[in-house]
Structure formats: structure tokens, C-alpha cells
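# Geometric and topological summary
Residues per chain are reported as follows:
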Protein chains: 2
Amino acid sequence: MTNRMRLGQPTAPSAQELLERCRRMVQPALRDTVDRLPPGVRHMAAFAFGWSDADGVVRSEGMGKGLRPALTMLSAEAVGGSAEDAVAGAVAVELVHAFSLIHDDIMDGDERRRHQETLWKAFGVGPAMLAGDALLSLAFATVSGTAAAEAAEMLSTALIELVDGQADDIAFEDRPWTGADAVTVDDYTRMAANKTGSLLACSAGLGALFGGGSPTATAAFATAGSRLGGGFQAIDDLLGIWGDPAVTGKPVFNDLRRRKKTLPVVFALGVDDAAHAPALVRLLDAEPDASDADLTVRRAADLIEQVGGRSFTEDQAEGQLSQALEVVDDVAVNRRAAAELTALARFIADRSH
Amino acid sequence: MTNRMRLGQPTAPSAQELLERCRRMVQPALRDTVDRLPPGVRHMAAFAFGWSDADGVVRSEGMGKGLRPALTMLSAEAVGGSAEDAVAGAVAVELVHAFSLIHDDIMDGDERRRHQETLWKAFGVGPAMLAGDALLSLAFATVSGTAAAEAAEMLSTALIELVDGQADDIAFEDRPWTGADAVTVDDYTRMAANKTGSLLACSAGLGALFGGGSPTATAAFATAGSRLGGGFQAIDDLLGIWGDPAVTGKPVFNDLRRRKKTLPVVFALGVDDAAHAPALVRLLDAEPDASDADLTVRRAADLIEQVGGRSFTEDQAEGQLSQALEVVDDVAVNRRAAAELTALARFIADRSH
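Residues numbered from 1 in each chain as written. Chains lettered and ligands numbered in written order. Predicted model: local features only at pLDDT ≥ 70, side-chain atom pairs only at ≥ 80, totals over all residues. Heavy atoms only, no water.

## A few points about the overall build of chain A
Spelled out, the test is: Segments assigned H or I by DSSP are reported as helices when at least four residues long, segments assigned E as strands when at least two residues long, and all are numbered from the N terminus. Radius of gyration: over C-alpha atoms. The globule rule applied is 2.2 Å multiplied by the number of residues raised to the 0.38 power. Burial here depends on accessible area, computed with a 1.4 Å probe over protein chains only, as a share of the maximum for the residue type. Under 20% is buried, over 50% is exposed, and the range in between is partly exposed. We call two residues in contact when some of their heavy atoms are within 4.5 Å.
Along its length, chain A carries 17 helices and 2 strands. On C-alpha atoms alone, chain A measures out to a radius of gyration of 20 Å, which is about the 20 Å that the 2.2 N^0.38 rule sets for 353 residues. A principal-axis box enclosing the C-alpha atoms of chain A has dimensions of 60 × 50 × 35 Å. When burial is assessed residue by residue, chain A has 57% of its 353 residues classed as buried. Long-range pairs, those at least 24 residues apart, make up 70% of the contacts in chain A with a sequence separation of at least 6.

## A few points about the side chain of Asp255 of chain A
For Asp255 of chain A, the position within the fold is in helix H12 (residues 254-257). When sequence neighbours within four positions are dropped, the list of residues in contact with Asp255 of chain A reads Asp236, Asp237, Gly240, Ile241, Lys260 and Thr262 of chain A.

## Looking at the side chain of Glu340 of chain B
Residues and elements named next belong to chain B. The following threshold applies: Polar contact is defined as a pair of N or O atoms within 3.5 Å, subject to the rule that within protein one atom must be able to donate a hydrogen and the other to accept it, and that residues adjacent in sequence are counted only when both atoms are side-chain atoms.
Within the element layout of this structure, Glu340 appears in helix H17 (residues 335-350). Note on Glu340: relative accessible area 2%, which makes it buried. A polar contact of 2.8 Å, which involves the side chain of Glu340, links it to the side chain of Arg336.

## A few points about the packing of aromatic side chains
The criterion, for reference: Note on aromatic contacts: the rings of Phe and Tyr and the six-membered ring of Trp form a pair at centre separations within 6.5 Å, being stacked when their planes are under 30 degrees apart, edge-to-face when over 60 apart, and tilted otherwise.
Counted according to the given criterion, the structure contains 7 aromatic pairs over all chains. Between Phe49 of chain A and Trp51 of chain A, the ring centres sit 4.9 Å apart and the planes meet at 20 degrees, which makes this aromatic pair stacked. Arranged with centres 4.2 Å apart and planes meeting at 0 degrees, the rings of Phe140 of chain A and Phe140 of chain B form a pair that is stacked. Of the two residues, Phe140 of chain A sits in helix H7 (residues 125-142) while Phe140 of chain B sits in helix H7 (residues 125-142), which places them in two different chains. Each member of the pair Phe140 of chain A and Phe140 of chain B is classed as buried.

## Some words on unusual backbone geometry
We note that Phe253 of chain A has phi near 60 degrees; this positive angle belongs to a residue other than glycine. Inspection of the secondary structure assignment puts Phe253 of chain A in the loop between helix H11 (245-248) and H12. With a phi close to 55 degrees, Arg259 of chain B is a non-glycine residue in the positive phi region.

## Remarks on the relation of the copies chain A and chain B
The cut-off we apply is this: The superposition of copies rests on a least-squares fit of C-alpha positions from residues with pLDDT of 70 or more in both.
Of the transformation placing chain A onto chain B, the axial shift is 0.0 Å and the rotation is 180 degrees, giving an RMSD of 0.0 Å. In short, the pair behaves as if placed about a two-fold rotation axis. Comparing interface residues between copies, 100% of those in chain A also sit at the interface in chain B, which points to an isologous, same-surface contact.

## A few points about the environment of Gly205 of chain A
All names here are of chain A. By secondary structure assignment, the location of Gly205 is in helix H9 (residues 185-210). Spatially, the C-alpha atom of Gly205 lies 39 Å from that of Ala300, the residues being 95 residues apart in sequence. Those residues in contact with Gly205, other than ones at most four positions away along the chain, are Met154, Thr218, Phe221 and Ala222.

## Side note on the interface of chain A and chain B
Short version of the rule: Take the accessible area each of two parts loses on contact, using a 1.4 Å probe, and add the two losses: that sum is the buried area. A pair is scored as a salt bridge if a Lys or Arg side-chain nitrogen falls within 4 Å of a carboxyl oxygen belonging to Asp or Glu. Throughout, the ten residues Ala, Val, Leu, Ile, Met, Phe, Trp, Tyr, Cys and Pro are labelled nonpolar, Asp, Glu, Lys and Arg are labelled charged, and all others, Gly among them, are labelled polar.
Contact with chain A, which involves 32 residues of that partner, is made by 32 residues of chain B. Counting each side, the surface lost to burial between chain A and chain B is near 2,800 Å², with a carbon and sulfur contribution of 77%. Together, Met129, Leu130 and Ile160 of chain A form the three largest contributors to the area buried by chain A at its contact with chain B, with a combined 21%. Counting across the interface, chain A meets chain B through 2 salt bridges. Two residues, Arg36 of chain A and Glu153 of chain B, come together in a salt bridge whose shortest N-O distance is 3.4 Å. In this structure, the connection of chain A to chain B is made through 6 residue pairs in polar contact (both at pLDDT 80 or more). Of all the secondary-structure elements, those providing two or more residues to the side of chain A that touches chain B are helix H5 (87-108), H7 and helix H8 (148-173) of chain A. Here the side of chain A that touches chain B gets 12 residues from one element, more than from any other, and that element is H8 of chain A. Each residue belonging to the side of chain A that touches chain B can be placed in one class, and the counts come to 22 nonpolar, 6 polar and 4 charged.

## Some remarks on the packing of H7 of chain A against helix H5 (residues 87-108) of chain B
Our working rule: Only the stretch in contact is used when fitting a helix axis, every axis being a line fitted to C-alpha atoms; angles between N-to-C directions are given from 0 to 180 degrees. With respect to orientation, any angle under 35 degrees is reported as roughly parallel, any angle over 145 as roughly antiparallel, any angle of 65 to 115 as roughly perpendicular, and every other angle as oblique. By convention, the crossing between two helices is left-handed when the near helix turns anticlockwise from the far helix through less than a right angle, and right-handed when the turn is clockwise.
Two elements in contact, H7 of chain A and H5 of chain B, have axes whose closest approach is 9 Å; the angle formed by their N-to-C orientations is 160 degrees. Judged by the inter-axis angle, H7 of chain A sits roughly antiparallel to H5 of chain B. Relative to H5 of chain B, the crossing made by H7 of chain A is right-handed. Contacts between H7 of chain A and H5 of chain B involve Gly126, Met129, Leu130 and Asp133 of chain A on the former and, on the latter, Phe99, His103, Ile106 and Met107 of chain B. Of the residues contributing to the contact of H7 of chain A with H5 of chain B, the split by class is 5 nonpolar, 2 polar and 1 charged.

## As for the pattern of salt bridges
One pass over the full model with this rule turns up 40 salt bridges over all chains. A salt bridge links Asp169 of chain A to Lys195 of chain A; the shortest N-O distance between them is 2.7 Å. Remark: Lys195 of chain A occurs in helix H9 and Asp169 of chain A occurs in helix H8; sequence separation between them is 26 residues. Overall, the relative accessible area of 10% leaves Asp169 of chain A in the buried class. Its salt-bridge partner being Asp255 of chain B, residue Arg258 of chain B comes within 3.8 Å of it at the nearest N-O pair. Relative accessible area serves as the criterion here: at 29%, Arg258 of chain B is assigned to the partly exposed category. Each of Arg21, Glu77, Arg336 and Glu340 of chain A takes part in salt bridges that share partners, so that together they form one network.

## Focus on the environment of Phe312 of chain B
Residue and element names in this part refer to chain B. With respect to the helices and strands, Phe312 occurs in helix H16 (residues 309-331). Taking the C-alpha atoms as reference points, Phe312 and Asp168, 144 residues apart in sequence, are found 22 Å from one another. Leaving out residues up to four positions away in the same chain, Phe312 has contacts with Val185, Leu263 and Phe267.

## A short note on the packing of helix H4 (residues 67-78) of chain B against helix H9 (residues 185-210) of chain B
Residues and elements named next belong to chain B. In contact at an axis separation of 6 Å, H4 and H9 are set at 35 degrees when each is read in the N-to-C sense. Once H4 is placed against H9, the crossing between them reads as right-handed. Taken together, the residues of H9 that come into contact with H4 (itself represented by Leu67, Arg68, Leu71, Thr72, Ser75 and Ala76) are Leu199, Leu200, Ser203, Ala204, Leu206, Gly207 and Ala208. Looking at side-chain class alone, the contact of H4 with H9 contains 8 nonpolar, 4 polar and 1 charged residues.

## Quick word on helix H10 (residues 215-242) of chain A
This is how it is decided: One less than the residue count of a helix, multiplied by 1.5 Å, gives the span that helix is expected to have.
Between its terminal C-alpha atoms H10 of chain A stretches 40 Å, which fits the 40 Å expected from 28 residues at 1.5 Å a residue. Most of H10 of chain A sits inside the fold, with 21 of its 28 residues counted as buried.

## Details of the environment of Ala131 of chain B
Residues and elements named next belong to chain B. Take Ala131: it is sitting in helix H7. You can call Ala131 buried: its relative accessible area is 2%. Between the C-alpha atoms of Ala131 and Met44, which are 87 residues apart in sequence, the distance is 6.6 Å. Contacts of Ala131, omitting those with residues within four sequence positions, involve Val41, Met44 and Leu119.

## Topic: the confidence of the model for chain A
All names here are of chain A. Using the following cut-off: What pLDDT expresses is the predictor's confidence in each residue, scored from 0 to 100.
The predicted model of chain A averages 90 in pLDDT, with 93% of residues at 70 or higher. Ranking the helices and strands of chain A by mean pLDDT puts helix H6 (residues 119-123) first, with 97, and helix H1 (residues 3-7) last, with 42. Across residues 1-10 the pLDDT falls below 50, and counting only partners more than four positions away or on other chains, this stretch makes 17 contacts in the model.

Okay, structure coming up:
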């Protein structure tokens, strides 16, 4: 524990400092946990966490923001516990997050993530599936020490919701852009609450549980995490269309090129005055390899923005975020940790601008 | 609990009766557990367990022998506990087994299992991956009630070994038939102990744990389960080449057609007098779609048998099985349950004849 954490401080640390502080506490435990894997699977895990390249050469301090473990640590502090007590929970959610990215990349056929090849691209689909399975199993082993029954139950519930959300997301691909079977904003919101909200709910809930929070406080933090997840998914959807490729590591308008039914699109196709809908569907359905594909997706993005898809999604992000922070503010007994959670959430949200 | 279980009996029940008795105890709990899944994933799980067809129409009492849950129930009784106490463990191992079959079928590209389409073939790769992930998560939730820490640890260890074994099995595909990098009998044995032995070790170990066995008895039952797994894998390897398609549901000589490096093949290629090896490699590498493919695989099978690959594998199966049953015999306090475990193991082994 750093002096800053023990003593409190006059000025709040920046979100980057918060993430860095949590990372310093979680990474050694995460590495120790991953080291328990057999060599072949451990090698793939090290690649997925950005610790080494495909040949096993050490390459960096790792990657990813470490948002979920930070949420766990700060939630433990917010209910009056210590961050140390929640390290096992933080490791578990980071392992589950890594598992879900690995399996998602296989299902989505994504070849790059965080400026490097995805695991399946580097090692093959079968080995990558297995590495994901191993990280999932390791996550349960991690929480099996303390508060085992509730923690395992929480983790399992989150995983089943996550899987359900991902299954819905896949099923959305086969649904039409418009008409009675089209994906509605409500369908989308429920899917996102499962796909993204469940693991963030688990991250905050496990933190409160390991921090010694009451069942009421633990449930409240889980709710806050779920809302944060809804907000972050909305932000990801904005980035998937209007994000800067230098930041996202993905092509501009990527989600439109991939015909993803994300919130801005679903909203744009569902607005009452749908005179623009046929034009938008034509743009979305255009041949992705055509010479004017770049222009087509840009026109689709502009049309979505004109009919309010971008601002609606921004409002959703902001609304869910505010709800999350209100819950934290109501329940937290450690004001410093509550303020830090707020700073962290705002920092993530600001990625969209 | 049936009268027979409560009262003991003069004549031992047949292995089929044992399996049926365990199935009657485990299936209701398994169905209750699977019913906790969200509809889409539950639907796929019901298909994977053989409870309904792809359209959701109820089709049977389910399928699969239920060997692993039976091993759990009988192990609980063998250490002096009751089978009821081990139902949660039996459900967990059956869920993990289903998960592993679903993911294996994706990785191996197998389109049929147990005389029906595999899950990925019926529902798509992404949804099937997710259904497997959900069943794995559910398994951990199932054991989170009683003896949670040890049970979760045991389940997690088994899963990581299982994944490691499966990863090795995949890696074997890229290794040459002969030479310094060829798969040896030792390599193969270690892989099989992980791929097949780990879950059977967990099945027996969880049974002993939930049955109230001492740590020593629990470890001994885990060892017995591991040996059983080694034996059963050897038997599967025999069936993969010489098994009756009407029994296996797969084409005759299937593993040779798929160029699997199973124990009879690995042994045959590794015997000292390897004059036959080039001929065998030529047969194994022959074009699988050639008009004489049936003859080629038959000649490969005959050659493997001539140089002792079949009898070596039969001896391995028998040796591992005997070791397993000796351990059970040493440790069991309930002689009736020990005799039933023996009957069950012998029944499975006899599938090869």
C-alpha cells in the first residue's frame, strides 16, 4: 500500500495515477496466478496480457487499462475495506475479461487487438479457445479461498449473463435492419447490460464483497457496475464508428464496415420519421470491398449522426454513468474512494471525445 | 435413494443398472441446474445433453453413459458417505464433460457425435463456444455450496490439465510421424493423463470429498480416477481404429482417416525394428479422398496390428485399469461400492471387445 493510500491526500490523483496504483497492486498477483498454468497455455496467456510476444520475448509491462480490477479495488475501499483484501477478486475479473476478449475475437474473426495480432491469429483457433477456457477456470480457482461461495456464485452469474449477451449480439447479425424483427433500442440495451454490464457489475460487487461490505452495499455496487457497463458499451459504440484509429487501433468507421447493429445504428433505423431508413440500409448493405467503400461508410456515419443516433448514444452513456455514480455516492462510506471511482468513470467516459 | 442402495443386496447389479441408478439420481439435479441458464443457451444445452432436438422438441431421456457422475456417486459411497451428498459434484463433472465435448468438437471440426449433429454444426461455432463457456461457469456455481474451496480448486486444476492435454493433442497434429520430433509413447501418455485422466480424477476425487473422505482417501480416489482415464483413453484409441461404426457412430478406421496420432499409431511408428515405418507413413499420408482410401486405411490398420500397436494398447488399457482398481480396493471402506466401481470400470473397458 502506498503512503498516499494509507494517509489520504489533499488533491485527488488523476485517473491514470489511480489505474497505475491499482495495476501495481494487481499485476504481481495476476502474474503469479498465470504462472500456475502449464507452459504452453501460460505462453499464450502471457501473449494475451501483452507480457511477451508470440515467441515468448518479454515485451512490455502489459496492456489494457486495467479498468475492471481498479473498479474492484476501489469498490473494496469505498465500502470501508482495504484494497489488498480485494486483490483475489481483481485478479479473477481480469482473468475473466481476458477470457472473454480471447473468445470474442475468435467468434468475431477479429485479427487485431490493442495494436497486435489477436491470440487465435497468432496461435490458431483451437489453442486460443483452450487458453480462454484455462483463464476462465483459473478465475474460479482464484476466488475459491475467501468468501468462496458468494464470490463463485457472483462470478458464475456474471459469466452466464456475459455469454447470454454475447449470444444475443451474434444473433443480432442475422436480424434485419428494419421491420418487425429489427433489433430495437430495448433489445440492444438488454444485450449490452449482459454483455458488458455483467462483468463490471461483478467487478464492483466482488470488490464490495471482499472489502467486507454488507449484502446491501454489495448489491448496490453491483448495480453501479452494471450501469457503468451500459455507459461504457455506449461509448464503445461511439468509438466503433467515430473513434480515432490511432486511439482504437481499428479502422475508421469499423463497426459500420462490419455491419454491426450498435446503438447509434439501431436508434437511427428506429426513429419515427424513418424516411431516411431505406437510404441508410442501402449504405449499410453496400459491398464492403467496393472502390467507394470508404465514402459509403462515411455517408452512413453522417446520416446516423444527422438523425440523432450519435447524440442519443452520448446521452445514454452520460445517463447510465450518472446513475452509477449516484449509487456509489449514496452507499460509499469512504469518500476518498468514492471520489476516485468517480474520477475513474469520468476518465473512461472521456475517451469518447 | 432406492431400496437396493439403502439395504445392500445379495447379488451385484449389472453395470447398466448401476449407471441407470446414478442417472436417476443425477439427471433431475442436472436438469434443474441447466434450467437456470437463459433461454437461448439453455436450448443449446438441452440439445447437447440429448434432451431435445435443435427445434426444441423433447426427444429422449438424454444420452451419454453418465460414467463420470456415476464415478462421483460411487466414490462418495466407497469412502463411507452417501451418494446424495455427492450429487452437486456429479452434476459439476457432467457439466464439465459436456463443455469439453462441445469445445473439442469445434476444435476438431467433428460434425457428428452420438448419432446426431454436433452443437456447432446445428447452431454455429460462436453460439456453441458460448454454450460451452456457460456450462463451464455453471459447473463452478454448482460446487460453490459445500466444501467450496477444495471442490473449486479440484475442478479448476482438472480443467487446466484438461486444456493442457487438449492443447498437446492439437500440437501433436503438426509433429512428424517419425524422427526426433515424433510423438513418443511417453509424450502420448502424459497428454492422455491430462486430456482424459484429469476429469476422471476430478470425478472420483470430488465424490470422495463430498462423501466425507479423508484428504488421503480423496487423493487416492483422484489417483484411481486418473488411471481409469488413462485406461479409457487407450480403449477409445482402440475403438477409433477398430471400433464398430454401429457402436461408435463414426466411420470405420476413423482416427486413421483423420491422421490422429493415437497410441496404437505412436507405438507402431516407435518400435525398434522400424523397417515397416516408411510403409506405414506412406499409408497414413495417402490422399484421404482417393478412390482406394478405404483399402489404404485398412492396410494401415493391419500393419499397426502386425507390429504390436493393437496389443500394446490393449495391455496399457488393462494395466491402467488394474492399477485403478487396486487403489480403490486398498482405500474403500464400503466394499459393496468398491465392487460396483470395479463392475463399472470393467464394463467400460469391455466396450473395446
